[in-house]
Amino acid sequence: MDTPVKHHHLRINGIRFHVVRAGCGDRLLLLLHGFPEFWWSWRHQINAFADHYTVVAPDLRGYNETEKPARGYELPVLVQDVVELIQASGFQRAYVAGHDWGGMIAWSLAIAHPERVERLIALNMPHPARFFQELRQNPEQRRRSRYILFFQIPWLPELVLSARNGAAFDRIFRSTPIDRAVFDDETIRCYKQAMARPGALTAALNYYRAMGRYGAGDLCRGASMRVTVPTLLIWGEQDVAFAPEVVQRTERFVPDLRICSLPHASHWVQQVAPREVNAALRAFLE
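Summarised in this report is the structure supplied together with it. (Residues numbered from 1 in each chain as written. Predicted model: local features only at pLDDT ≥ 70, side-chain atom pairs only at ≥ 80, totals over all residues. Heavy atoms only, no water.)

Together, Ile-153, Leu-156, Leu-159 and Val-160 make up a nonpolar patch on the protein surface, roughly 320 Å² of accessible area in all. Along the chain, Val-160 falls in helix α7 (residues 156-173). A residue is classified by how much of its surface remains accessible, and Val-160, at 37% relative accessible area, is partly exposed. (Patch = residues over 30% accessible without salt bridge, like charges linked within 9 Å, V, L, I, M, F, W, Y side chains within 5 Å. Areas by Shrake-Rupley, 256 points an atom, 1.4 Å probe, with all protein chains shown as cover. Salt bridge = Lys/Arg side-chain N within 4 Å of Asp/Glu carboxyl O. Helix = DSSP H or I, 4+ residues; strand = E, 2+ residues; numbered from the N terminus. Buried < 20%, exposed > 50% of the residue type's maximum accessible area, 1.4 Å probe, protein only.)

Another aspect to go through is the pairing of strand β2 (residues 15-22). Burial runs high along β2: 6 of the 8 residues are buried. Sheet topology note: the strand β1 (residues 6-12)/β2 ladder contains 7 bridges and is antiparallel. Its bridge partner lying in β2, His-7 is registered against Val-20. Taking the residues between adjacent antiparallel strands as the criterion, β1 and β2 are bridged by 2 residues, where Asn-13 takes a positive phi near 50 degrees. Sheet topology places β2 next to strand β4 (residues 54-58); 4 bridges connect them, and they run antiparallel. If you follow Val-19 over to β4, its bridge partner there is Pro-58. (Pairing = 2+ DSSP bridges.)

Note that Asp-179 resides in helix α8 (residues 177-182). One buried charged side chain, Asp-179, makes no salt bridge at all; its nearest oppositely charged neighbour is Arg-180, positioned 7.2 Å away. Ignoring any residue separated from it by four or fewer positions in sequence, one finds Asp-179 in contact with Phe-173, Arg-174, Ser-266, Trp-268 and Val-272. (Lys, Arg positive; Asp, Glu negative; His and termini not counted. Contact = heavy atoms within 4.5 Å.)

Attention now moves to helix α12 (residues 274-285). Look at α12: 16 Å from first C-alpha to last across 12 residues, which is about the 16 Å you get at 1.5 Å a residue. Here α12 has its buried residues at Val-277, Asn-278, Ala-280, Leu-281, Phe-284 and Leu-285. Within α12, the buried residues cover an arc of 160 degrees as seen down the axis, which keeps them to one side. Residues of α12 that are exposed and angled more than 90 degrees away from the buried face: Arg-275 and Ala-283. (Expected span 1.5 Å × (residues − 1). Arc of directions from axis to C-beta.)

Summed over the entire model, instances satisfying the criterion amount to 12 salt bridges. A salt bridge links Arg-61 to Asp-81, with the nearest nitrogen and oxygen atoms 2.8 Å apart. Here Asp-81 lies in helix α2 (residues 75-88) and Arg-61 lies in the loop between β4 and α2, a separation of 20 residues in the sequence. Accessibility classification places Arg-61 together with Asp-81 in one group, the buried group. Ionic pairing is found between Arg-189 and Glu-186, a salt bridge with its closest N-O pair at 2.7 Å. Of this pair, Arg-189 and Glu-186 both sit in helix α9 (residues 185-195), 3 residues apart, which is roughly one turn of the helix. A relative accessible area of 38% means that Arg-189 is categorised as partly exposed.

Here it is as structure tokens:
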């Protein structure tokens, strides 16, 4: 990674966050990672956009160097983390990009607090309403989401994922041929190291457990599911976690929607196809 970054620790929503910051533009580009990653999953985007934006990439609650509380992984809490992070970064609004779980938080932020979002970019995370609809009615999506049920079990997922020096993460990150080409041993080692920090694996699993127990809370119900800000959905079509149908009919909830489909990219779209993702981001933002 060529762009110099500064590491900060900020007190946000009652816990200590680790945040990486680059650039000094007058617009904030906020990058929210997914499971089981940390800020470094955005290295290609930080390089590409720090010249024109203030780019902020946090370790989300519980991940890597951010504090790992025993509770507080409900979606409304995660959204409040981002609201306060925007303010702590010196801005009132942000261009918000989120991948995987970071995408779920980004969608929910735009639903609950559109005044905080200039534009929304979701990467391989469908609109929450579409995901839950397909989870209820699509057997293929239920099959692909079986791991979420497994993650609800206390302690056992931690044992399985940490066994044999985290060998499960090799399988998670190398689930398609293109992934195996991108995620070399050193890259995998970085992710394993972040997830091996005390409490990090349980914290990451608690996102799924809180969603299984509480759902989306009051953030995503009825007409409130509508996203009013301009939105770009970037989709790697080789995603093994989501059935293709989750992308369909998103415009019912997002009137100002653009979809960028990348046929040869996987779930880890901003890492396996950084050139295409950065071009789509640039066209959308500028």
